[in-house]
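Below are the chains, spelled out letter by letter.
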Amino acid sequence: MGTWNCQRCGNCCRWPGIVKVNDTEIANIAKYLEMNEDDFLDQYTELRPDRKGLTLISKEDDSCIFLEGKNHCTIQPVKPQQCSDFLVKWFPKPEDNCDAIYTEDENSS
Ligand code: SF4
Ligand code: SF4
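The rules behind these values
- As a convention, each chain's residues are numbered from 1 in the sequence order in which they are written.
- Each chain takes a letter, starting from A, and each ligand takes a number, starting from 1, following the order in which they are written.
- Thresholds applied to this predicted model are a pLDDT of at least 70 for local features of residues and 80 or more for the giving and counting of side-chain atom pairs; totals over whole chains, interfaces and linings are not thresholded and use all residues.
- Hydrogens and waters are ignored; side-chain quantities use all the structure's heavy atoms.
- Criterion for a salt bridge: a side-chain nitrogen of Lys or Arg within 4 Å of a carboxyl oxygen of Asp or Glu.
- Think of it in three bands: residues with accessible area under 20% of the maximum for their type are buried, residues over 50% are exposed, and the middle band is partly exposed, with areas taken using a 1.4 Å probe on protein chains only.
- Think of it this way: DSSP has to see at least two bridges between two strands before they count as a pair.
- Working definition: helices are DSSP H or I runs of at least four residues, strands are E runs of at least two. Numbering for both runs from the N terminus.
- Contact definition: two residues touch when any of their heavy atoms are within 4.5 Å.
- Note on geometry: axes are lines fitted to C-alpha atoms, helical ones only across the stretch in contact, with angles between N-to-C directions running from 0 to 180 degrees.

Notes on the pattern of salt bridges
- Applying the stated criterion across every chain, the model contains 1 salt bridge.
- Here Arg48 makes a salt bridge to Asp50, at a shortest N to O gap of 3.8 Å.
- By relative accessible area, which is 12% here, Arg48 ends up buried.
- A relative accessible area of 43% means that Asp50 is categorised as partly exposed.

Dropping the structure here:
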């Protein structure tokens, strides 16, 4: 077993698709942005296509609303869990879609 190490290329933030946010994440992001939660919900979230929860909205080019430039997340300290889980849960074959580098675990004992 090894580990995929994110190289922060930002591809996943530009990938079309949803970025799930739960109640705790909404509260944390709104606080980080110094907004009240209702305003944050109005401005930055929408219902997911499956209608089972909320997603961050996207820009016209399908990139995440909080992506700045090529790879800077403007809510990095409070980004949703989905963003941290990206390599593990989103890309069945990370090597096709992202710049992550695979390293074998050196210490297996
Ligand atoms: S696409 Fe892969 S390497 Fe690039 S930022 Fe996302 S997880 Fe990291
Ligand atoms: S919240 Fe940040 S890390 Fe997550 S998709 Fe948006 S820009 Fe990328």
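Some remarks on the sheet that holds strand β3 (residues 45-47)
- Sheet architecture is open: 3 strands sit in the order β2-β4-β3, paired in antiparallel fashion. Of all strands in the sheet, those bounded by a partner on one side alone are β2 (20-21) and β3.
- Bridge count between β3 and strand β4 (residues 54-56): 3 bridges; the pairing is antiparallel. Bridge pairing in β4 places Glu46 opposite Thr55.
- The sheet strands contacting helix α3 (residues 37-44) are β3 and β4, and the helix crosses β3 at an angle near 70°.

As for the environment of Lys52
- Looking at the secondary structure, you find Lys52 in the loop between β3 and β4.
- Distance from Lys52 to Lys20, taken between C-alpha atoms, is 10.0 Å for residues 32 residues apart in sequence.

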